[in-house]
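For reference, the chains in residue letters:
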Amino acid sequence: MRTKSYVNENDENPAWEAIGYHVDTDKEPFEVPQKRSLDKGMVETMRETDSTLVQSLAQRGIRAELDPKQNLFKIECDVVVVGSGCGGGVAAAVLACSGQKVIVLEKGNYFTASDFSSLEGPSLEQLYEAGGLIASTDGGVFVMAGSTVGGGSTVNCKRTKRCLGVIAKTLSNNITKRVEIKAKVTISACGALLTPPIMISSGLKNQNIGRYLHLHPVAMAWGYFPESNTDLKGKSYEGGIITSVHDVVGEDSKVRAIIETPSLGPGSFSGLCPWESGLDFKRRMVNYARTSNLIAIVRDSGSGEVKVEGRISYKLDTSDRENLRVGLRQALRILVAAGAVEVGTQRSDGQRLKCKGVSEKEVEEFLEMVSVVDGPLSMVENWTTLTSAHQMGSCRMGADDKEGAVDFNGESWEAEGLFVCDASVLPSAVGVNPMITIQSTAYCISKRIAESLERVTFSKAS
């Protein structure tokens, strides 16, 4: 994968010419805004040291004190938000606009449009968790989750504890001291993969934390359209992405799967290709620019777990597997109807069909053999690797502490003042791209937090 996506100092890759791939890295100044809109309120610790951090914070209205006995910096604010994605960004904006002093902690770096190069390898490394290479423990699902400023939007019990803030360690080697931030409200907005590990490592015991992880699992079909097909011009990586969405509806009129068109760079394409032989792999890569990929996405009923950072377990249930199979078959039908000379799946044996001269009956016979099985560690002969770009549900809301990790206000059942404001609070898979749902949920949660803080302030003033 890396050999197809990384470049030398001149932004070149020797394989690209052979596979018909090109990236235009030249940018006209008028095309890309140069302004870094968050600079005024941001402190990037990679540019700071122990001696400069306090001053940089002070310049942005944040008073920090050094506690030499505990070897840490102490900061106070009204609200601290951990994570700046769809949930954290909305929550921070709402609470700041309500008059609260808000600090956002983000482990990822800050990039603007002027920093983007359209180069696949560096972009994956900079913008995604683990460089876009997180897999479930059985290797059955590859998971992509944003890890940058902006996150994925860039990609009745007695509470016995009180959350007083966070203690953080910077990723900069120039800063040796930890940072302690005391706040009236602490919000975890690290996403469905990282909020549960943080809560568990902080001592929370609710049995729902880390469970019920939904992934919107994805199976992929491909079709090859040679240059001789003049009805379809251009390259597969050119033009807009997800320009069409197709619902696969069952006999009960319910949506069983959604078919979309993904954007695959040569590195991601090569990483998903099944391996039959060196010669076959070279042929696949030579055909890359004229290979169209379709994905079938399902609203999963099954779920997984994530309780330790980077350790995801996930299992399809029977209905999810069947819905993926139905969606995958429909995607193959679309590719055949569009004029592909060859179609196939990502199954490990290189399952494919040469379309020239085949009858409708032969196509259906091929589709009957299409299935979705477990991953490479399942010990089945022909395994399948799925992917996921949507993660949710791992700290779900519930009516009580037996049903959920947080209440309907997003507050932890165990620790007063600790809220979750990201995709992990969603009680089930939503069945569509969850970004707007996450933002809407974060807006509602943060509005209630703002109202509760205003009531406390008013009460004290009275």
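Scroll up to find the structure this text is about.
On a predicted model such as this, the values are computed, not experimentally measured, just so you know.

### Some remarks on the overall build of the chain
- Each helix and strand counted, the chain has 11 helices and 19 strands in total.
- Within the span of the chain, comprising 462 residues, buried residues form 47% of the whole.
- Of the accessible surface of the chain, which amounts to about 23,500 Å², a share of 52% is contributed by carbon and sulfur atoms.

### A closer look at the side chain of D67
- By the secondary structure assignment, D67 is in strand β1 (residues 64-67).
- If we ignore the near neighbours within four places in the chain, the residues touching D67 are L72 and K74.

### Here we look at the environment of T318
- As for its placement among the helices and strands, T318 is situated in helix α9 (residues 318-337).
- Residue classification places T318 among the exposed residues on the basis of a relative accessible area of 68%.
- As for T318 and S301, which are separated by 17 residues in sequence, their C-alpha atoms are 9.1 Å apart.

### Some remarks on the packing of α9 against helix α10 (residues 360-368)
- Orientation of α9 relative to α10, taken along the N-to-C sense of each, is 150 degrees, at an axis distance of 10 Å. By the angle between their directions, the pair α9 and α10 is classed as roughly antiparallel. Helix-helix and strand crossings are classified by hand; for α9 and α10 the assignment is right-handed. Along the contact surface, α9 presents R329, L332, R333 and V336, while α10 presents V363, E364, F366, L367 and E368.
- Residue composition of the contact of α9 with α10, grouped by class: 5 nonpolar, no polar and 4 charged.

### Some details on the pattern of salt bridges
- A full pass over the atoms with the stated rule returns 19 salt bridges.
- Between R352 and D280 there is a salt bridge; the shortest N-O distance is 2.7 Å. Residue R352 is found in strand β16 (residues 352-354), and its partner D280 is found in helix α8 (residues 278-286); the two are separated by 72 residues along the sequence.
- E342 is the salt-bridge partner of K354, the closest N and O atoms lying 3.6 Å from each other. You can see K354 sitting in strand β16 and its partner E342 sitting in strand β15 (residues 342-345), a full 12 residues away along the chain.
- When salt bridges with common partners are traced through the structure, they connect E276, D280, R284, E342, R352 and K354 into a single cluster.

### Examining the packing of aromatic side chains
- Evaluated as defined, the whole model comprises 5 aromatic pairs.
- Relative to Y288, the ring of Y237 has its centre 6.0 Å away and its plane inclined at 5 degrees; by these criteria the two rings are stacked. In this pair, Y237 sits in the loop between β9 (218-224) and β10 (246-249) while Y288 sits in the loop between α8 and β12 (291-297), placing the two residues 51 residues apart along the sequence.
- Taking the relative accessible area as the measure of exposure, Y237 reaches 23% and is therefore partly exposed.
- Taking 5.1 Å as the distance between ring centres and 65 degrees as the angle between the ring planes, the aromatic pair formed by F269 and Y288 counts as edge-to-face. Pair noted here: F269 is in helix α7 (residues 266-272) and Y288 is in the loop between α8 and β12, with a separation of 19 residues, a long-range link.
- Aromatic rings pair up to connect Y21, Y237, F269 and Y288 into one cluster.
- The ring of Y212 has R396 sitting right over it, with the charged end atom 3.7 Å from the ring centre.

### Examining α9
- For α9, which comprises 20 residues, the first-to-last C-alpha distance of 29 Å matches the rise-based estimate of 28 Å (1.5 Å per residue) to within 8%.
- Buried within α9 we find D320, N323, L324, G327, L328, R329, A331, L332 and L335.
- Immediately downstream of α9, the backbone of G339 shows phi near 105 degrees, a positive value.

### Observations concerning empty space enclosed by the protein
- Here the largest cavity defines a volume of roughly 100 Å³.
- If you go around the largest cavity, the residues you meet are D138, G140, V141, Y314, K315, L316, R321, V373, D374, G375, T384 and L386.
- Residues belonging to the lining of the largest cavity are distributed by class as follows: 5 nonpolar, 3 polar and 4 charged.
- Taken as a whole, the second largest cavity spans an internal volume of roughly 60 Å³.
- Lining the second largest cavity, in full, are A219, M220, L328, T345, Q346, R347, Q351, S371, T384 and T385.
- Residues of the lining of the second largest cavity, tallied by class, amount to 3 nonpolar, 6 polar and 1 charged.

### Quick look at the pairing of β9
- In terms of burial, β9 is largely enclosed, as 7 of its 7 residues are buried.
- By the alternation rule, side chains of β9 split into V218, M220, W222 and Y224 and A219, A221 and G223, which are all buried.
- Examined bridge by bridge, β9 and β12 share 7 bridges and lie antiparallel to one another. Bridge pairing links V218 to I297 in β12.

### Describing unusual backbone geometry
- Positioned with a positive phi, Y212 is a non-glycine residue whose angle comes to about 60 degrees.
- Its location among the elements puts Y212 in the loop between α6 (195-201) and β9.
- The class of Y212 is partly exposed, set by a relative accessible area of 22%.
- The phi torsion at H216 lies on the positive side, around 45 degrees, for a residue other than glycine.
- Structurally, H216 is set in the loop between α6 and β9.

### So, the environment of H216
- Residue classification places H216 among the buried residues on the basis of a relative accessible area of 2%.
- Residues contacting H216, with those up to four places away along its chain left out, are I297, V298, R299, D300, T387, H390, M392, A429, V430, G431 and V432.
- Reaching out from H216, the side chain makes a polar contact with the backbone nitrogen of G431 at a distance of 2.9 Å.

Rules used throughout
Residues numbered from 1 in each chain as written. Predicted model: local features only at pLDDT ≥ 70, side-chain atom pairs only at ≥ 80, totals over all residues. Heavy atoms only, no water. Helix = DSSP H or I, 4+ residues; strand = E, 2+ residues; numbered from the N terminus. Buried < 20%, exposed > 50% of the residue type's maximum accessible area, 1.4 Å probe, protein only. Areas by Shrake-Rupley, 256 points an atom, 1.4 Å probe, with all protein chains shown as cover. Contact = heavy atoms within 4.5 Å. Axes fitted to C-alpha atoms, helices over the stretch in contact; angles between N-to-C directions. Parallel < 35°, antiparallel > 145°, perpendicular 65-115°, else oblique. Left-handed = near helix turned anticlockwise from the far one by under 90°. Nonpolar A, V, L, I, M, F, W, Y, C, P; charged D, E, K, R; others polar. Salt bridge = Lys/Arg side-chain N within 4 Å of Asp/Glu carboxyl O. Phe/Tyr/Trp six-rings, centres within 6.5 Å; stacked < 30°, edge-to-face > 60°. Lys NZ or Arg CZ within 6 Å of the ring centre and 35° of its normal. Expected span 1.5 Å × (residues − 1). 1 Å grid on protein atoms, 1.4 Å probe; cavity = no way out; pocket = protein on both sides within 12 Å on 5 of 7 lines; lining within 4 Å. Points joined across faces, edges and corners; volume = space filled by probe spheres on them. Pairing = 2+ DSSP bridges. Polar contact = N/O pair within 3.5 Å; in protein donor to acceptor, adjacent residues only side chain to side chain.

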